[in-house]
Amino acid sequence: MKLIDDISAQAAFLQSVRRDIHAHPELAFEETRTSDLVAKLLTDWGIPIHRGLGRTGVVGTIVGTGGSSPRAIGLRADMDALPMAEHNTFAHASKHAGKMHACGHDGHTTMLLGAAQHLAKHRDFDGTVHLIFQPAEEHGGGAREMMREGLFEKFPCEAVFGMHNMPGIPVGSVAASPGPVLASNNEFKAVIRGKGGHAAMPQLGVDPIPAALQMIQAFQTIITRNKKPLETAVISVTMIHAGSVPNVIPDECVVQGSVRAYTAETLDLIERRMAEIATHTAAVFGAECDFHFQRNYPSTVNHTAETAFVREVLAQMLPAEQILTQVPIMAAEDFAFMLEQVPGCYAFIGNGDGDHRLPGHGAGPCVVHNPSYDFNDEILPLGASLFVNLVRRWFARPCATA
Ligand SMILES: [Zn+2]
Ligand SMILES: [Zn+2]
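The following refers to the structure shown. Computed from a predicted structure; not experimentally measured.

### Digging into the pattern of salt bridges
Here is step 1 of the chain: Counted by the stated rule, this structure contains 24 salt bridges.
Here is step 2 of the chain: The closest approach of N and O atoms between aspartate 377 and arginine 18, which form a salt bridge, is 2.7 Å. Separated by 359 residues along the polypeptide, aspartate 377 in the loop between β16 (344–350) and α11 (380–396) and arginine 18 in helix α2 (residues 11–23) bring together distant segments of the chain.
Here is step 3 of the chain: Residue aspartate 377 is classed as buried on the basis of its relative accessible area, which comes to 10%.
Here is step 4 of the chain: Notably, a salt bridge pairs arginine 76 with aspartate 334, separated by 3.0 Å at the nearest N-O pair. In this pair, arginine 76 sits in strand β3 (residues 72–78) while aspartate 334 sits in the loop between β15 (323–324) and α10 (335–341), placing the two residues 258 residues apart along the sequence.
Here is step 5 of the chain: The buried category is assigned to arginine 76, whose relative accessible area is 1%.
Here is step 6 of the chain: One salt-bridge network, in which partners are shared between bridges, spans Arg18, Arg19, Asp106, Asp374 and Asp377.

Here it is as structure tokens:
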């Protein structure tokens, strides 16, 4: 593995930064301490910053000394934590009850800081790099908010790159694959309105519960009978709420859940069929249904040329067997919004299988969104080196759009 020596020499510093952020998790759009820390470090390293895009977003800009090239690229990290209690009790475990860096965004922010420190010191490239520290990846679409407020107008980028840690992929391995790598994230709510009454006299009312049960069963036929078999999609009903006492038929039953898909065509089909099934099934039972469908994050689709470029850079750093192709997964990621507007690639850096965790870690597996998870500090120099090498090699190549 070929890392940048300067960055490897900073491993202890990067670990301390990462653990400090881990100990002080902040939720979507509340990342004030984290963004203050990012802003301070960037400023200390002589990097001009812009603050406030997406409320707590920070953008640092480094101009290389190579000349006067107008070209620019973006590197992105997310800063937010999750609203969940941490089960780890080691020294850098969360100090904020009910909040936890359980997705490794503490590590993502630190890897980009490590790259920033090196790039600002050496500036050995001909172009400009924008370091995008975004809020609210987990909830609220911080990337989209920064873009709505003019991220790529203020800081135009010809390409944008980001990476997420991936438990289960060995340390020292990185996956970068063209095309869809993460699904779209959508949610639905069906409010079935019947006519409540006495549990002993159902004939006098319209019970919304049988309608809800039929509807839930029928939703799965969209997956098995309507969408193309080779298209991937999931409908998960995750909430059913009705009634308050055993002897009363309720007026209403509310069914909610999540839908994941890769292509817009499949998602359009699912939304249309769910609405049809919801309203018609309710009608068959004499009830009514208000059906709501909300699209949250689109699917994350890597661009072919930029992904080939990332793999080319990885080939200079890692043995071939450590450069992986990622099997698409059904989780979602708001970097997808950036990839809709700017070409780029979202890579996955191996976080190992959890052996790195300190004594006092929780009993659960070291997977993201688990209360026993911890980012693996060992991969900080690799991630930071990859970011730096992407910058150097991008500007060493001829302009893709020329
Ligand atoms: Zn997450
Ligand atoms: Zn994440």
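### Quick look at α2
Here is step 1 of the chain: Here α2 is 13 residues long and its end C-alpha atoms lie 18 Å apart, about the 18 Å a rise of 1.5 Å per residue gives.
Here is step 2 of the chain: All of the buried residues along α2 are Leu14, Val17, Arg18, Ile21, His22 and Ala23.
Here is step 3 of the chain: Check the buried side of α2 and you find it contacts α1 (5–8), α3 (32–44), α4 (105–122) and α11.

### A short note on the coordination of the zinc ion (ligand 2)
Here is step 1 of the chain: Every protein donor of the zinc ion (ligand 2) is listed here as Cys103 (SG), His105 (NE2) and His164 (NE2), and their distances to the metal cover 2.1 to 2.3 Å.
Here is step 2 of the chain: When the donor residues of the zinc ion (ligand 2) are listed from N- to C-terminus, their spacing reads C-x1-H-x58-H.
Here is step 3 of the chain: In this structure, the zinc ion (ligand 2) lies 3.2 Å from the zinc ion (ligand 1), and both are coordinated by cysteine 103. Separated by 61 residues along the polypeptide, cysteine 103 in the loop between β3 and α4 and histidine 164 in strand β5 (residues 160–166) bring together distant segments of the chain.
Here is step 4 of the chain: Assessed through its relative accessible area of 7%, cysteine 103 is described here as buried.
Here is step 5 of the chain: On the basis of relative accessible area, histidine 164 is assigned to the buried category, the value being 8%.

### Observations regarding empty space enclosed by the protein
Here is step 1 of the chain: The final tally for this structure, using the stated rule, is one cavity of 30 Å³ or more.
Here is step 2 of the chain: As for the largest cavity, its lining consists of Phe161, Gly162, Met163, Val310, Cys345, Ala347, Leu386, Phe387 and Leu390.
Here is step 3 of the chain: Listing elements by their share of the lining of the largest cavity, those giving two or more residues are β5, β16 and α11.

### Considerations on the nonpolar core
Here is step 1 of the chain: Of all hydrophobic cores here, the largest spans 61 residues; its most connected members are Leu42, Leu75, Leu119, Val129, Leu131, Phe133 and Phe161.
Here is step 2 of the chain: Among the elements that make up this core, the one with the highest residue count is α11 (ten residues).
Here is step 3 of the chain: Leucine 119 has contacts with Ile62, Leu75, Phe125, Val129, Val388 and Val391, leaving out every residue within four places of it along the chain.
Here is step 4 of the chain: Ile216, Ala233, Met274 and Ala278 belong to the second largest nonpolar core, which has 27 residues in total.

### Brief notes about the coordination of the zinc ion (ligand 1)
Here is step 1 of the chain: Every protein donor of the zinc ion (ligand 1) is accounted for by Cys103 (SG), Glu138 (OE), Glu138 (OE) and His369 (NE2), and the metal-donor separations fall at 2.0 to 2.7 Å.
Here is step 2 of the chain: For the zinc ion (ligand 1), the four donor atoms are set out with angles of 53 to 149 degrees between them, so the coordination reads as irregular.
Here is step 3 of the chain: Here the donor residues for the zinc ion (ligand 1) map to a single chain with the spacing C-x34-E-x230-H.
Here is step 4 of the chain: Looking at histidine 369, the relative accessible area reads 40%, which means it is partly exposed.

### Regarding the layout of surface pockets
Here is step 1 of the chain: Reported here for the largest pocket is a volume of approximately 660 Å³.
Here is step 2 of the chain: Residue lining of the largest pocket: 28 residues in total, with Glu137, Glu138, Asn185, Ala332 and His369 positioned closest to the centre.
Here is step 3 of the chain: Where the lining of the largest pocket is concerned, the elements lending two or more residues are β5, β8 (184–193), β12 (252–261), β13 (288–297) and β16.
Here is step 4 of the chain: No other element matches the four residues that β13 contributes to the lining of the largest pocket.
Here is step 5 of the chain: Residues belonging to the lining of the largest pocket are distributed by class as follows: ten nonpolar, eleven polar and seven charged.

Each value, and the rule that gives it
- Residues numbered from 1 in each chain as written.
- Chains lettered and ligands numbered in written order.
- Predicted model: local features only at pLDDT ≥ 70, side-chain atom pairs only at ≥ 80, totals over all residues.
- Heavy atoms only, no water.
- Salt bridge = Lys/Arg side-chain N within 4 Å of Asp/Glu carboxyl O.
- Helix = DSSP H or I, 4+ residues; strand = E, 2+ residues; numbered from the N terminus.
- Buried < 20%, exposed > 50% of the residue type's maximum accessible area, 1.4 Å probe, protein only.
- Expected span 1.5 Å × (residues − 1).
- Contact = heavy atoms within 4.5 Å.
- Donors = N, O, S within 2.8 Å, 3.2 Å for Na, K, Ca; no water.
- 1 Å grid on protein atoms, 1.4 Å probe; cavity = no way out; pocket = protein on both sides within 12 Å on 5 of 7 lines; lining within 4 Å.
- Points joined across faces, edges and corners; volume = space filled by probe spheres on them.
- Core = buried A, V, L, I, M, F, W, Y, C linked by side-chain atoms within 4.5 Å.
- Tetrahedral: all angles 85-135°; square planar, octahedral: opposite > 155°, others 65-115°.
- Nonpolar A, V, L, I, M, F, W, Y, C, P; charged D, E, K, R; others polar.

These figures capture arrangement, not role.
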